[in-house]
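The chain contents come next:
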Amino acid sequence: MNSEKIEILSQLVTTVIEESGKLKAEIQELNEKIEEMDLENQAVLERNLKAQTDLKKLHALEDSNRKMEKEKTAVRSRVHTLLENLDKMDFA
């Protein structure tokens, strides 16, 4: 091989090595971003799970509140009826 071809080959090898280094660095950066995104995703999933749990509790509380409102109405009605019956009674 003549020296020109060797020089060209040397430059090509150097370029390939430099590009390979750049690609390795880029891969490393991408892997770090993937790890960050995985952590973010995990945090979002945990918040989502907590929100779902809180929502279930809220629905249970709403159901309980509705039942209590119905019971309150029924109790008021009974008390009102009892008071009317007491007014009608003659204690003399």
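The structure this text deals with has already been given above.
Everything numeric in this text was worked out from a predicted model, so none of it was measured. (Residues numbered from 1 in each chain as written. Predicted model: local features only at pLDDT ≥ 70, side-chain atom pairs only at ≥ 80, totals over all residues. Heavy atoms only, no water.)

**Student:** Please provide a residue-by-residue account of the pattern of salt bridges, values included.
**Tutor:** Applying the stated rule across the entire model yields four salt bridges. Its salt-bridge partner being Arg66, residue Asp63 comes within 2.3 Å of it at the nearest N-O pair. Of the two residues, Asp63 and Arg66 both sit in helix α1 (residues 3-88), three residues apart, roughly one turn of that helix. Its relative accessible area of 37% is what places Asp63 among the partly exposed residues. Of the residues examined, Arg66 reaches a relative accessible area of 47% and is grouped as partly exposed. (Salt bridge = Lys/Arg side-chain N within 4 Å of Asp/Glu carboxyl O. Helix = DSSP H or I, 4+ residues; strand = E, 2+ residues; numbered from the N terminus. Buried < 20%, exposed > 50% of the residue type's maximum accessible area, 1.4 Å probe, protein only.)

**Student:** Which residues make up a negative patch on the surface, and what values go with them?
**Tutor:** Together, Glu26, Glu29, Glu32, Glu35, Glu36, Asp38 and Glu40 make up a negatively charged patch on the protein surface. Mapped onto the elements, Glu26 comes out in helix α1. Residue Glu26 is classed as partly exposed on the basis of its relative accessible area of 45%. (Patch = residues over 30% accessible without salt bridge, like charges linked within 9 Å, V, L, I, M, F, W, Y side chains within 5 Å. Areas by Shrake-Rupley, 256 points an atom, 1.4 Å probe, with all protein chains shown as cover. Lys, Arg positive; Asp, Glu negative; His and termini not counted. Charge placed at Lys NZ, Arg CZ, Asp CG, Glu CD.)

**Student:** Please give an account of the environment of Gln28 that cites residues and values.
**Tutor:** Tracing the backbone shows Gln28 in helix α1. Distance in space between the C-alpha atoms of Gln28 and Leu58 is 45 Å, their sequence separation being 30 residues.

**Student:** I'd like a rundown of a nonpolar patch on the surface, residues and numbers included.
**Tutor:** A cluster of nonpolar residues, Val75, Val79, Leu83, Leu86 and Met89, forms a patch on the protein surface that exposes about 440 Å² of accessible area. Looking at where Leu86 falls in the secondary structure, it is placed in helix α1.

**Student:** Explain the environment of Glu32 residue by residue, including any values.
**Tutor:** Within the secondary structure layout, Glu32 lies in helix α1. Between the alpha carbons of Glu32 and Val16 there is a distance of 24 Å; along the sequence they are 16 residues apart.

**Student:** Which residues make up the environment of Ile34, and what values do they have?
**Tutor:** If you trace the backbone, Ile34 turns up in helix α1. Among the residues examined, Ile34 registers a relative accessible area of 46% and is labelled partly exposed. The spatial distance from the C-alpha of Ile34 to the C-alpha of Leu58 is 35 Å, given a sequence separation of 24 residues.

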